[in-house]
Amino acid sequence: MVDSTRIADIAQQHPDRLRALEQRTIAAAAQPLAQALTNAQAAAVTRWIRDTAQRAAPIGDALQKLIDYVRGLLRDAFASKGKQAQRLAEQAAFNAAQISGRQASGIAAAMRSTAPPPLDVDAGTDAQQTCEAIPAAVEEEHGAALALLTTAGLTAMGLAGLNSIFKRARRAIGRIAQHTATALTQAAANASRLAALALGTGVRLLWVAEPDACAACAAYAGLHIPPGGQFTGGLSLDPRRTVFTSAIPGPPRHPHCRCVLIPWSPSWSLDGPPLPTLLRQRARAARRS
C-alpha cells in the first residue's frame, strides 16, 4: 500500500513542472514583441534627437511627421505578434494537458494499484478561449499606446512623453504572459478532470496548492469536488485578502496560479494521514513559514 506522504510529494512536484513550461513559453511568446518594441523605441529616440538638434522639441509639420513615423514604428512592432503568441500558447496548453494527464494517471495508478484506462486529453475550451483572446489583448495595448501619441502630449512632455508611449506599449507583454499562464493552468486542470471522469463513479478532484501558494489558494488545498462541480468562492487564509469571490471548477484561482487538481477517491487505501488532510496541513504550514 502506497504512503499518502509519497503521493503528496509527487502531486506537489507538478506545479513546478507547470511553472517551468510556463516560463519557457512566456519567454518565447513575448520575446518577438519585446525586441520589436526595443528596436522601435531606439529608432524613435534617434529620430527625436535628430529633429531637436536645433530646438527643444519638434513643432508644426516636423512634429506631425515624427508622430506619423512613430505610429508606423508601433504598427510594425505589433504586426502579427499577438497571433504568434497565441500559437505558442496553444501549443504549450496542449503540452500542459498532456503532462497533467500523465501525472493524473500515474497518481491514480499508484493509489488504486491498477492501471487507469487509456486517457485522451486536450487543453479544453477554457484554455483555448484564453489563447484566442491574446491577439485582442495585445491590440488593445497597441491602441492605448497610440492614444498617448499626440501633439499635445509630446509638446508638453518632450522626450519623456515619447518614452512613456513605449512604456505603455510594453503592457502588451504582460498581457501575453498573463493569458499564457492562465491557459496552461486551465489546460492542466481540464486534463485532470478528464482523468477523474475516466476513472469512474466516486472519483473526485482534489486541490493541490503550489508550494508557495497565496493565501487564497492555500485555503483550497485538500478540498475536493466531483468532476463537473465547483469549489466555493471567497476562501482565503488571510481575511484581508478575501477577494476571489466566484465559485470555480478548479485552478486557476487567479492569474499566474499554478495549483493543480489530482483524481482521488476516499475508497482508495493509503498508508499515513488522509491525503486531503495532509495537503491542507502542508499548505497552511507553508503560509506560516
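Shown above is the structure to which this text applies.
Cut-offs and rules
- Residues numbered from 1 in each chain as written.
- Predicted model: local features only at pLDDT ≥ 70, side-chain atom pairs only at ≥ 80, totals over all residues.
- Heavy atoms only, no water.
- Axes fitted to C-alpha atoms, helices over the stretch in contact; angles between N-to-C directions.
- Helix = DSSP H or I, 4+ residues; strand = E, 2+ residues; numbered from the N terminus.
- Parallel < 35°, antiparallel > 145°, perpendicular 65-115°, else oblique.
- Left-handed = near helix turned anticlockwise from the far one by under 90°.
- Contact = heavy atoms within 4.5 Å.
- Nonpolar A, V, L, I, M, F, W, Y, C, P; charged D, E, K, R; others polar.
- Buried < 20%, exposed > 50% of the residue type's maximum accessible area, 1.4 Å probe, protein only.
- Pairing = 2+ DSSP bridges.
- Disulfide = S-S within 2.5 Å.
- Core = buried A, V, L, I, M, F, W, Y, C linked by side-chain atoms within 4.5 Å.

Engineer: Hey, could you run me through the packing of helix 1 (residues 4–51) against helix 10 (residues 275–288) in this one?
Structural biologist: In a pair of packed helices, the angle between the axes and the distance between the axes together describe the arrangement. Contact pair helix 1 / helix 10: the axes reach a minimum separation of 10 Å and the direction vectors enclose 55 degrees. One element, helix 1, and the other, helix 10, form an angle in the oblique class. Where helix 1 crosses over helix 10, the two elements pack in a sense that is right-handed. Residues Ser-4, Thr-5, Ile-7, Ala-8, Asp-9 and Gln-12 of helix 1 form the contact with helix 10, whose participating residues are Leu-275, Leu-278, Leu-279 and Arg-282. By residue class, the composition of the contact of helix 1 with helix 10 is five nonpolar, three polar and two charged.

Engineer: Is there a simple way to explain the pairing of strand 3 (residues 260–264) in this structure?
Structural biologist: The side chains of a regular strand alternate between the sheet's two faces. The element strand 3 is largely enclosed, with a buried count of five among its five residues. Residues Val-260, Ile-262 and Trp-264 of strand 3 are buried on one face, and the alternating residues Leu-261 and Pro-263, pointing to the opposite face, are buried as well. Sheet topology places strand 1 (residues 204–208) next to strand 3; five bridges connect them, and they run antiparallel. Residue pairing across strands places Trp-207 opposite Leu-261, the latter belonging to strand 3.

Engineer: Explanation requested: the packing of helix 3 (residues 81–112) against helix 4 (residues 125–132) in the structure shown.
Structural biologist: Where helix 3 contacts helix 4, the two axes come as close as 9 Å, and the packing angle between them is 160 degrees. The angle between the axes of helix 3 and helix 4 places the two elements in the roughly antiparallel class. The handedness of the crossing between helix 3 and helix 4 comes out as right-handed. Touching Gln-86, Ala-89, Glu-90 and Ala-93 of helix 3 are Ala-127, Gln-128, Cys-131 and Glu-132, all from helix 4. Taken together, the residues of the contact of helix 3 with helix 4 sort by class into four nonpolar, two polar and two charged.

Engineer: Got a minute to help me understand the state of the cysteines in this structure?
Structural biologist: In a disulfide, the sulfur atoms of two cysteines are held together by a covalent bond. Taken as a whole and judged by the stated rule, the model has zero disulfides. Looking at the unpaired Cys-131, the closest cysteine sulfur is the one in Cys-257, lying at 16 Å. Here Cys-131 falls in the buried class, since its relative accessible area comes to 1%. We note that Cys-257 lacks a disulfide partner, and the nearest cysteine sulfur, in Cys-217, lies 3.6 Å from it.

Engineer: Explain the nonpolar core here, please?
Structural biologist: In summary, soluble globular proteins display a tendency toward joint burial of nonpolar side chains. The biggest cluster of nonpolar side chains holds 81 residues, and the ones touching the most others in it are Trp-207 and Leu-275. Top contributing element to this core by residue count: helix 1, with 13 residues.

Engineer: Where do I start with the sheet that holds strand 2 (residues 224–225) in this structure?
Structural biologist: Sheets are built from strands that pair by backbone hydrogen bonding, the pairs being arranged parallel or antiparallel. The strand order across the open sheet formed by three strands is 2-1-3, and the pairing between neighbours is antiparallel. Both edges of this open sheet fall to strand 2 and strand 3, since each of them pairs with a single strand only. Taken together, the two bridges between strand 1 and strand 2 define a ladder with antiparallel strand orientation. The residue of strand 2 that forms the bridge with Leu-205 is Ile-225. Contacts between helix 1 and the sheet are confined to strand 1 and strand 3, with strand 3 contributing the most and set at about 145 degrees to the helix.

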